[in-house]
Each structure stands twice: as structure tokens, then as C-alpha cells.
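Commentary on secondary and tertiary structure
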Amino acid sequence: MKVVSDIAQLQHHLASFDKEQIALVPTMGCLHEGHVSLIQKAKRLADIVVVSIYVNPLQFGANEDLDNYPKPLEQDLSVCEAEGVDFVFTPEQLYPESGIQVGLHVNDLSQTLCGVSRPHHFDGVVTVVNILFNIVRPHLAIFGEKDFQQLTIIQRMVSDLHMGIEVIGAETIRETDGLAKSSRNRYLNDDERTQAAEIYQSMLLMQNQAKQTSDMQQVIQAGETYLAQHGITTDYLSINDETTLQTLSVWDKQQPARIFIAAQIGKARLIDNMPLSSTNEEK
Ligand code: AMP
């Protein structure tokens, strides 16, 4: 495994692969089993796996956790080594020192869910992913369904801009009590950690409710009530179309739709989602 922080050096290494399929797994480090599942999927689908580790300042808002974001690099490198990663790309900076002048912008897909309380977040995400794609020039890239809005936006970026890269989603990896694995879970104390698992339980409850009604307000109300009983107030709790990410008030049981939740628990802002359709249930 090669650990490379220099862009030209990485490109030099990658230029020697002519026929091989290259997969990119972009991350912000602090790797856990969720990231590992993405790496394993990349290994199954491609010959060469590149994992990037870069905490992207452009996607953090002014009062968010950029400065405190954990950076256990040695541990991350051991994880990558154990998974048989070929290259770990650890750039110190991906933007010009004078600041980036040209970036990408997301329209309606970022006007909902996380984009409402994080107004510049997805512009920062697509800009950095575009830069990483330009540097690595992968055939395919793997992103987690854990960040479903991000996955949808990146799939749309690749299609709108004819980038010719296959963007593949990977299912959410959870703790045994259902909490989605996340680098931010380490901000939780014991009580908050127990409370956080109720997010998953509320989604199961809503999935069940949705079998009995097409009125999504009723389903959301049941979820909000359950979460409130466990002391959780949501930033949003919404049921949205999987492709347009538009909010659904009525669900016809045919169109692919998901439950989306964001909630602040202690110092951690947690997000999660789950398909609504029983034909598309979590594996
Ligand atoms: P991050 O390091 O948080 O930017 O995440 C890097 C990638 O890992 C993104 O594509 C995430 O969606 C994905 N990811 C994060 N947590 C999970 C999880 N629990 N299960 C599957 N993928 C995940």
C-alpha cells in the first residue's frame, strides 16, 4: 500500500495502470466499519482501490466541527492496509492558497433536508468530489447510502456533467442496536449513545406505519411523537422521493421513497435514512 499526499506523485503512480479498473472511495478519515464496507465493495468491483482522506473545509459551515473533526491517521492507515487498499491519498490541501475561485453549485437537490440548515455544504461536497475525480480519474466511485442526499447529488453531478464515472451506492452499516456507524458517534456520552439508537427505532416504526396509510403526515407525526418521548427533537424528519428528494405528503407505495432524519444529540448532529418501501427494505 502506498500513502501519497502529493497530487503529481499520485497521478504518476496511477498513470502506469492502463487496463485496470480504478475505484475511488472518498472519505474524511476516522475510518469505521461503514468506510470498510465501501472499501470492500470497491475491491470486489475494481482492480485498484484508492482511498482518499481529506477533511474538506469547503463543506463545513462557520459553527460546525471542522476544527475538532477527529484525525487518527495512523489508525486509518492500518485499516486501509488490512483491507488491501492500493493507494491512500492524503492531500494536505486541495485548494489554491489564495482560495478557490471556481467551484460547482447544486440547485434544487440542495434546497431540502440537510441543505436547509447547511446552505453551502453540498456545493463544498460536489466541488471537492469533482477535484478528487479529476486527480484520480477513477472508473468508479463508492459512496454510502448513510449520506443519501450526498449520494443522490453526486449521481446527478456525474450524469448532468457527463463525467463518465460510475457512482455506486453502498448500504448503511449499523451498530447492533441500529445506530448508523459514524465518525461523529464518538462525540456522544453513554446516555446520548443509548438515546441515539432511538433514531433507528423511530424509522422502523414509520416504515411499519406506512404499510397502513398513504398519508405521510400521519407517519411523520408518529415518528416525531416517538422521538419526543425519548427526548429527541429533530432538525428535520421528512419523507422524500429518492430521485428528486422532494417531500412527499402522499405516498403511492410504488415510487421509491425514504425516511430522512437529522437530530442534534449532545454535540453530535446525526443523520440517518431508511427506505419506506417494504420491497426495498434494508438488507
Ligand atoms: P465521511 O468520512 O463521513 O465523509 O464518509 C465517507 C463515506 O463513507 C461516505 O460515502 C459516507 O456515506 C460513507 N459512510 C459513512 N458512514 C457510513 C455507514 N455507517 N455505512 C456505510 N457508509 C458510510
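What you are looking at is a predicted structure, and each value in this text was computed from that prediction instead of being measured.

Scoring rules and cut-offs
- Residues numbered from 1 in each chain as written.
- Predicted model: local features only at pLDDT ≥ 70, side-chain atom pairs only at ≥ 80, totals over all residues.
- Heavy atoms only, no water.
- Salt bridge = Lys/Arg side-chain N within 4 Å of Asp/Glu carboxyl O.
- Helix = DSSP H or I, 4+ residues; strand = E, 2+ residues; numbered from the N terminus.
- Buried < 20%, exposed > 50% of the residue type's maximum accessible area, 1.4 Å probe, protein only.
- Pairing = 2+ DSSP bridges.
- Near = heavy atom within 4 Å.
- Polar contact = N/O pair within 3.5 Å; in protein donor to acceptor, adjacent residues only side chain to side chain.
- Arc of directions from axis to C-beta.
- Contact = heavy atoms within 4.5 Å.
- Axes fitted to C-alpha atoms, helices over the stretch in contact; angles between N-to-C directions.

Tallied over the full model, the rule gives 10 salt bridges. A salt bridge links Asp-160 to Arg-156, with the shortest nitrogen-to-oxygen separation between them at 2.8 Å. Of the two residues, Asp-160 and Arg-156 are both situated in helix α6 (residues 148–160); the distance of four residues between them amounts to about one turn of the helix. A single salt-bridge network, built from bridges that share partners, covers Glu-33, Glu-175 and Lys-181.

On to the pairing of strand β5 (residues 140–144), then. If a strand is regular, its side chains alternate between the two faces of the sheet. For β5, the tally of buried residues reaches five of five residues, placing the bulk of the element in the interior. Residue alternation in β5 divides its side chains into two sets, Leu-140, Ile-142 and Gly-144 and Ala-141 and Phe-143, and both sets are buried. Alignment of strand β2 (residues 22–27) against β5, held across two bridges, turns out to be parallel. Across the sheet, Leu-24 pairs through a bridge with Ala-141, a residue of β5. Here β5 runs beside strand β6 (residues 166–170); their pairing, made up of five bridges, is parallel. The residue bridging Ile-142 from the neighbouring strand is Ile-168, located in β6.

Attention shifts here to the site of the ligand. The environment of the ligand is made up of 17 residues, and the closest members are His-35, Gly-144, Asp-147, Ile-173 and Lys-181. In this structure, an oxygen atom belonging to the ligand sits 2.8 Å away from a main-chain N or O atom of Gly-144. Elements with a contribution of two residues or more to the shell around the ligand: β2, α2 (33–45) and β5. In terms of residue count, the dominant contributor to the shell around the ligand is α2 (three residues).

Further remarks concern helix α3 (residues 73–82). Those residues of α3 that sit buried are Asp-76, Leu-77 and Cys-80. Axial view of α3: buried residues confined to an arc of 100°, hence all on one face. For α3, exposure combined with an orientation more than 90 degrees from the buried face picks out Glu-74 and Ala-82. Buried residues belonging to α3 abut β1 (2–4), α2, β3 (48–53) and β4 (87–89). Once α3 ends, the next one or two residues include Gly-84, with phi positive near 75°.

The subject of this paragraph is the sheet that holds β1. Strand order in this open sheet of six strands is β1-β4-β3-β2-β5-β6, and the pairing throughout is parallel. Edge positions in the sheet fall to β1 and β6, since each has one partner strand and no second. Here the strands of the sheet are splayed against their neighbours by 25° on average, with no regard to which way each runs. Bridge count between β3 and β4: three bridges; the pairing is parallel. Each bridged residue has a counterpart across the sheet, and for Val-50 the counterpart in β4 is Phe-87.

Looking now at the sheet that holds strand β9 (residues 268–275). Taken together, three strands build an open sheet; the order of strands is β7-β8-β9 and the sheet is antiparallel. Two strands close off the open sheet at either side, each with one partner strand: β7 (234–241) and β9. Put simply, the sheet's adjacent strands are angled 10° from each other on average, direction ignored. Where strand β8 (residues 257–265) and β9 come together, eight bridges link them in antiparallel fashion. Paired with Arg-258 across the strands is Pro-275, a residue of β9.

All right, on to unusual backbone geometry then. In this structure, Arg-137 takes a positive phi of about 50° despite not being glycine. Relative accessible area serves as the criterion here: at 60%, Arg-137 is assigned to the exposed category. Positive phi, normally seen in glycine, also occurs at His-162, with a value near 50°. Secondary-structure assignment places His-162 in the loop between α6 and β6.

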